[in-house]
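Coordinate analysis (summary)
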Amino acid sequence: MIFFVFSSLLFALGSSSYELKKSYEGDNFFNGFYFLTKNDPSNGFVDYVDRQTAENLGLISVNDTKIKISTDSTNKIPAGKRGRPSIKIQSSETYNEGLFIFDIEHMPEGLGTWPAYWFYGDDWPNNGEVDVLEGIGEIPKIKYNNFALHTTEGCKMREEDQDLFTGKWFYRNGKARTNCHYIEDQIPHEGCPIRSSDGFFGEEFNKDKGGVIIYEWERNDYMRFWMFKRNQIPIDIIQGEPNPSNWVKPMAYYRLGANCSSDHFNDMMIVININFCGAWAGDAYPGGQEACMNGVRNNPEDFTEAYWTINYLKVYKH
Ligand SMILES: *[C@@H]1O[C@H](CO)[C@@H](O)[C@H](O)[C@H]1NC(C)=O
Ligand SMILES: *[C@@H]1O[C@H](CO)[C@@H](O)[C@H](O)[C@H]1NC(C)=O
C-alpha cells in the first residue's frame, strides 16, 4: 500500500502524458501559417500584407532560431491606404484539444497597438473564439493580460470557480462577466474575460526576455492558462515533457461541460496578429479613434517596439 502510494506519486511528479505533435519553429515557422490580408473586422487602422510583401518590407524574419513579426516603424502612412502595414497569420492546421506552449521574448508594445495570440473556428462565433494573449498599448500602460472566450449562447461560467485560478473575473456594474455568449447584455465582444495579475503584458513582461504562455484544452473538461516569466519556466517544459500537474495554480480556468458544452469550440485555428486602433485600442487612445488613426498614421517611431520575438509554438497532445 505504502509502496503503491509512493510509486504513483513518483509517476505523478515525474512523467507527462503529453507528446509533442507539432512544433512551429525556426525556418519552418511561417510555413505553418497563411497570411491573412482582408480588412480588419474590428475596424483597425491596419494594412495586413501577404508573405511576399512582408518579406520585402522586412516585417518578418527568422534569425537563427528567433522568429520576428513586426510592423512598419519607419514610414508615415499616405492618405488612401488602409492603415499601417502589419501581419496577421493563421495556422493551416486546426485543433480540437491540446497543450499549446508559446515561448516569446517580446510582445508588441506601443500606443494604439492591439496585439493578440488567439484561436477561433470558422463561421464566427459558431465555433468559438479563445483569446490567450491580448491587450492594448495605452496610457497608462496596461499591465495585465486579458484572457477571454467568445461563443454562441449556452456557455456560462460560475463565479465560484474563481477559487480555481489566480487571475480575476472581470466585473462590470458589480457583476462578474461570466457569460461567454458574444452578445450578452451590453458591450459587444466582451465575452467572459479573466485578467491576469499585473506584470504579464507589454513592457513588464518583455523586460527579462518574456517567457511562456500556455493554453491547455481538455476538450470535455476545461481550458486552463498559465504564463511563466523566463526565470520561472518549469523544468519539465524546458525538458520537453510538460506536465501541468506539476505546476502552480493556473491564471485562468474555464469549465467546460454541463454549462458550456464542448461543441461551442470546433476546428480552431491559431492566429497571431498586430492590430492598431479599432474597437478596443482606438476607443482607449487619448482623444479616441480619430486621434488614434492620426497617431498611427504620422508617428512611425511609436512602433519601434511593436513586434513579436518568438522562440517557438509547440503543440502537445495526450
Ligand atoms: C541575429 O541575431 C544575432 C544574435 O542575437 C545578432 O547579433 C544579429 O545582429 C542578428 N541579425 C540580424 C540580421 O538581425
Ligand atoms: C451549472 O450552473 C449551475 C448554476 O450556476 C450550477 O448550479 C451547476 O452546478 C453547474 N453545473 C456544472 C456541472 O458545473
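Remember, it's a predicted structure, so these values are computed and weren't measured experimentally. (Residues numbered from 1 in each chain as written. Chains lettered and ligands numbered in written order. Predicted model: local features only at pLDDT ≥ 70, side-chain atom pairs only at ≥ 80, totals over all residues. Heavy atoms only, no water.)

A separate point is the nonpolar core. Formed by 74 residues in total, the largest nonpolar core has its most connected members in Tyr-117, Tyr-254 and Trp-308. Listed in part, the twelve residues of the second largest apolar core include Tyr-18, Leu-99, Phe-228 and Tyr-312. (Core = buried A, V, L, I, M, F, W, Y, C linked by side-chain atoms within 4.5 Å. Buried < 20%, exposed > 50% of the residue type's maximum accessible area, 1.4 Å probe, protein only.)

With that out of the way, let us pick up the site of ligand 2. Inspection of the region around ligand 2 gives Arg-158, Arg-255, Ala-258 and Asn-259 as its neighbouring residues. Taking Arg-158, its side chain carries an N or O atom lying 3.3 Å from an oxygen atom of ligand 2. Between an oxygen atom of ligand 2 and a side-chain N or O atom of Asn-259, the distance comes to 2.3 Å. Surface burial for ligand 2 is 41%, taken as the share of its 360 Å² of free accessible area covered by protein chains. Split by residue class, the shell around ligand 2 holds one nonpolar, one polar and two charged. (Near = heavy atom within 4 Å. Polar contact = N/O pair within 3.5 Å; in protein donor to acceptor, adjacent residues only side chain to side chain. Areas by Shrake-Rupley, 256 points an atom, 1.4 Å probe, with all protein chains shown as cover. Nonpolar A, V, L, I, M, F, W, Y, C, P; charged D, E, K, R; others polar.)

Turning to unusual backbone geometry, a few remarks are in order. Only a minority of non-glycine residues have a phi that is not negative, and only a minority of peptide bonds are not trans. A cis geometry characterises the amide bond from Trp-124 onward to Pro-125, with omega recorded as 0°. Take Pro-125: it is sitting in the loop between strand S9 (113-120) and strand S10 (129-134). Of note, the amide linkage connecting Ile-139 to Pro-140 takes the cis form, showing an omega dihedral of -10°. Mapped onto the elements of the fold, Pro-140 is located in the loop between S10 and strand S11 (146-150). In the Ramachandran plot, Asn-43 falls in the positive-phi region, its phi being about 60° despite a non-glycine side chain. Here Asn-43 lies in the loop between strand S2 (33-35) and strand S3 (46-48). According to the relative accessible area criterion, Asn-43 is exposed, its value standing at 65%. For Asn-173, which is not glycine, the phi dihedral falls at a positive 50°. (Helix = DSSP H or I, 4+ residues; strand = E, 2+ residues; numbered from the N terminus.)

Walk down a regular strand and you will see the side chains alternate between the two sheet faces. Among the nine residues of strand S8 (residues 98-106), nine are classified as buried, and the element is accordingly described as predominantly covered. Bridge analysis of S8 against strand S16 (residues 211-218) gives seven bridges, and the strand direction is antiparallel. Among the inter-strand pairings, Ile-104 is bridged to a residue of S16, identified as Gly-211. Where S8 and strand S20 (residues 307-317) come together, seven bridges link them in antiparallel fashion. The residue of S20 that forms the bridge with Asp-103 is Tyr-312. (Pairing = 2+ DSSP bridges.)

Under the definition given, this model contains 14 salt bridges. A salt bridge links Lys-66 to Glu-105, with the shortest nitrogen-to-oxygen separation between them at 3.0 Å. With Lys-66 in strand S5 (residues 66-70) and Glu-105 in strand S8, this residue pair connects regions lying 39 residues apart in the sequence. Looking at Lys-66, the relative accessible area reads 33%, which means it is partly exposed. Each of Lys-66, Glu-105 and Lys-209 takes part in salt bridges that share partners, so that together they form one network. (Salt bridge = Lys/Arg side-chain N within 4 Å of Asp/Glu carboxyl O.)

Applying the stated criterion across every chain yields a total of three disulfides. Put simply, Cys-155 and Cys-260 are joined by a disulfide, and their sulfur atoms are 2.1 Å apart. Across the S-S bond linking Cys-155 and Cys-260, the dihedral sits near -80°, which makes this disulfide left-handed. Taken together, the residues span a long stretch of sequence, with Cys-155 in the loop between S11 and strand S12 (168-169) and Cys-260 in the loop between strand S18 (252-255) and strand S19 (269-276) at a distance of 105 residues. In this pair, the class of Cys-155 matches that of Cys-260, namely buried. A sulfur-sulfur distance of 2.1 Å marks the disulfide that ties Cys-180 to Cys-192. Disulfide Cys-180 to Cys-192: torsion about the S-S bond roughly 95°, handedness right-handed. Here the residue Cys-180 occupies a position in the loop between strand S14 (175-176) and strand S15 (194-195), and Cys-192 occupies one in the loop between S14 and S15, the gap between them amounting to twelve residues. (Disulfide = S-S within 2.5 Å.)

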